[in-house]
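Commentary on secondary and tertiary structure
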Amino acid sequence: MTDTAPMSPQDALVAVMVACSAADQNMRTAELVAIQRVVNHMPVFASYDADRIRRVSQTVFDLFEEEDGLDALFGLIRGALPERLFETAYALACDVVTADGKHSQEELRMLEEVREELKIDHLHAAAIEWGARVRHMMP
């Protein structure tokens, strides 16, 4: 992403997934594969240039280094993401965090932050979380 190119709704979805995965400063392979799988297969990403994932990720990492970077990141995300995709963003974030079968406290705090920032209803959040959990259940 460049300073002149605004964040697209799809960029915002990628940013949420990357932020949740990177919250514990350890992006696991399963989480990266989950992000790539989502971008390759979800209808919302049908016309998305997957090469942008790297640029969006770097933006997230750069903002994580700044003092008020998380607030700035959520400002960018809310500015780019239509409200109808807020729950989609939360669902994708839950899928990414759950993909490796482990939840760090930092990842769970980041999911909580996403819930609050995107004003996800508590009952809807619980249903989304349950769906992610059962989709990633180990045998």
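This structure is a prediction, so every number in the text was calculated from the model and none was measured.

Calculation criteria
- Residues numbered from 1 in each chain as written.
- Predicted model: local features only at pLDDT ≥ 70, side-chain atom pairs only at ≥ 80, totals over all residues.
- Heavy atoms only, no water.
- Axes fitted to C-alpha atoms, helices over the stretch in contact; angles between N-to-C directions.
- Helix = DSSP H or I, 4+ residues; strand = E, 2+ residues; numbered from the N terminus.
- Left-handed = near helix turned anticlockwise from the far one by under 90°.
- Contact = heavy atoms within 4.5 Å.
- Nonpolar A, V, L, I, M, F, W, Y, C, P; charged D, E, K, R; others polar.
- Phe/Tyr/Trp six-rings, centres within 6.5 Å; stacked < 30°, edge-to-face > 60°.
- Buried < 20%, exposed > 50% of the residue type's maximum accessible area, 1.4 Å probe, protein only.
- Parallel < 35°, antiparallel > 145°, perpendicular 65-115°, else oblique.
- Disulfide = S-S within 2.5 Å.

Running from N to C, helix α5 (residues 86-98) and helix α7 (residues 122-135) cross one another at 35°; their axes reach a closest spacing of 9 Å. For the element pair α5 and α7, the recorded crossing hand is right-handed. Listed contacts from α7 to E87, Y90, A91, C94, D95 and T98 of α5 are H124, A125, I128, E129, A132, R133 and R135. When the residues that make up the contact of α5 with α7 are grouped by side-chain class, the tally is six nonpolar, two polar and five charged.

A few words now on the packing of aromatic side chains. Taken as a whole and assessed by the stated rule, the structure comprises one aromatic pair. With a centroid separation of 5.5 Å and an interplanar angle of 65°, the aromatic rings of F45 and Y48 are classed as edge-to-face. Like Y48, F45 is buried.

Viewed as axis vectors pointing N to C, helix α4 (residues 69-80) and helix α6 (residues 105-117) meet at an angle of 50°, and their least axial separation amounts to 11 Å. By the angle between their directions, the pair α4 and α6 is classed as oblique. Between α4 and α6 lies a crossing whose hand is right-handed. Touching L70, F74 and R78 of α4 are M110, E113, V114 and E117, all from α6. Of the residues in the contact of α4 with α6, the class split is four nonpolar, no polar and three charged.

Now for the state of the cysteines. Overall, the coordinates contain zero disulfides when judged by the stated rule. You can see C20 has no disulfide; the closest cysteine sulfur is in C94, sitting 7.6 Å from it. What makes C94 buried here is its relative accessible area of 2%.

On to unusual backbone geometry, then. Most peptide bonds adopt trans geometry, and most residues besides glycine take a negative phi value. Residue Q25 is not a glycine yet carries a positive backbone phi of 60°. Along the chain, Q25 falls in the loop between α1 (9-22) and α2 (29-41). Its relative accessible area of 79% is what places Q25 among the exposed residues. A positive phi angle, near 55°, is found at K119, a position not held by glycine. Mapped onto the fold, K119 is located in the loop between α6 and α7. K119 sits in the exposed class, given a relative accessible area of 73%.

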